[in-house]
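Observations on the model geometry
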Amino acid sequence: MQGSNHAVGSENTEGYSLKELMLEDSQAVSSWIKADVNCGDNSLLSGTLQAKGSKVNGFDLDRPKVLVVDDHATSRMTAVSLLGIEGYEVIEADSGSIVIRLVTQKQPDLILLDVMMPGMDGFEVCQLLKQDEQTRLIPVIFLTALNDRRSRIRGIEVGADDFLTKPFDRVELAARVKSLVRQKRLNEDLDHAEQVLFSIAMSIESRDPNTGNHCERLVKWGQVFGEYLNLSRYQIRDLRWGGYLHDIGKVGIPDAVLLKKGKLSPEDWQIMRQHVLIGEKICQPLRSMRGVIPIIRHHHERWDGSGYPDGLKGDDIPYLAQVFQLIDIYDALTSERPYKEAFTSAEALSLMQEETDSGWRNPKLMQQFAEFIRSYQEKERE
């Protein structure tokens, strides 16, 4: 939070550098992903087809796993044979009912999934996989004799990544599998990097007894205020992520400053203000963070240009940074801290309005925020 002389503290990750934290987390995730857990279900058919050589379609050593799910043995064996020749590690299943557990145990890089199966069909299996945070990134190619428009639309609705019509061509099968496996691994790298950042951000907050669940509350406020402003889904996502990551740069602030009791000296403030620049540098390499970076860098700017780090004025301040700033300040004011009692909602809005009248906030946005808080409280009472 900025302004009102109510500083919101956050903690450094004591004893660890950012590089060490990311390396440690990466090693832990890597060991988990590569763990080969045997499946004891008797309906798992022929386990694995081994191929010679240490390189598969450009994937060195770590051969991609493909799970082929089809209740027709002849059709399944055709796909298994073709993929085996290409050098993939192939896992077989003859029904949709065992796929969820099998995927959790074997961690395949791609699933070839028959649509028409007794019991749980391919549509239902795919929908369950795509709804699960742990399996949503695994590409699913539907194998189907159905070539009608309705079936393809249904497949797209449940999250299928591609379609192959039986009987399929070997070259086409190999090309589509290779492309989707590469994309899946790129997505995993991106997803892992994001999770490392969130883990670091949460570790910073967890060491600070002053802020409680500040980040979690900001995520909630970002969602509901973003919806109130009719922001896009991506803007709301950036606000939510900003709730976690806005102070991640404090990982680079010395404990002597970050944990100092009492008021900070002018020299301390110079150091503390660097956290927005450090946070920007940490998140900048990830393209998915492009919408969050303006929040990280500019959530301490002021409407009259008296903020930091760039002294931006008015609408030169990124809009999402302005939106985020209001929910950050409001949550800090209405939360109890060791150095202050929690303000009532009316008291917090009054103080924020005083700062707006002094030129620190966007007047129009502040009015919208005040109206939002009052309407939100009315709904809560109802």
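Scroll up to find the structure.
Throughout what follows, the structure given in this document is the object of discussion. Please read these numbers as outputs of a predicted model, since none were measured by experiment.

Concerning the sheet that holds strand β6 (residues 140–144)
The strand order β4-β3-β5-β6-β7 describes an open sheet built from five strands, whose pairing is parallel. Lying at the two open borders of the sheet, with one neighbouring strand each, are β4 (89–93) and β7 (162–165). Between one strand axis and the next, the sheet turns by 20 degrees as a mean value, whatever way the strands run. Across four bridges, the pairing between strand β3 (residues 65–69) and strand β5 (residues 110–114) is parallel. Opposite L67, over in β5, you have I111 as the bridge partner.

Quick look at empty space enclosed by the protein
All chains considered together, the criterion is met by three cavities of 30 Å³ or more. The calculated volume of the second largest cavity comes to roughly 70 Å³. Together, 13 residues line the second largest cavity, and Q322, Q325, W360, R361 and N362 are the ones closest to its centre. Of all the elements, helix α13 (residues 319–333) adds the most residues to the lining of the second largest cavity, at four residues.

Some points on the pattern of salt bridges
Evaluation of the coordinates by the stated rule reveals 15 salt bridges. Of the charged contacts, one joins R237 and D238 as a salt bridge, the two residues approaching to 3.2 Å between their closest N and O atoms. Exposure remark for D238: the relative accessible area of 7% places this residue in the buried category. Note that E280 and R297 form a salt bridge whose closest N and O atoms lie 2.5 Å from each other. Pair noted here: E280 is in helix α11 (residues 275–283) and R297 is in helix α12 (residues 293–298), with a separation of 17 residues, a long-range link. Taken together, the shared-partner salt bridges in this structure form one network comprising D70, D114 and K166.

Cut-offs and rules
- Residues numbered from 1 in each chain as written.
- Predicted model: local features only at pLDDT ≥ 70, side-chain atom pairs only at ≥ 80, totals over all residues.
- Heavy atoms only, no water.
- Pairing = 2+ DSSP bridges.
- Helix = DSSP H or I, 4+ residues; strand = E, 2+ residues; numbered from the N terminus.
- Axes fitted to C-alpha atoms, helices over the stretch in contact; angles between N-to-C directions.
- 1 Å grid on protein atoms, 1.4 Å probe; cavity = no way out; pocket = protein on both sides within 12 Å on 5 of 7 lines; lining within 4 Å.
- Points joined across faces, edges and corners; volume = space filled by probe spheres on them.
- Salt bridge = Lys/Arg side-chain N within 4 Å of Asp/Glu carboxyl O.
- Buried < 20%, exposed > 50% of the residue type's maximum accessible area, 1.4 Å probe, protein only.

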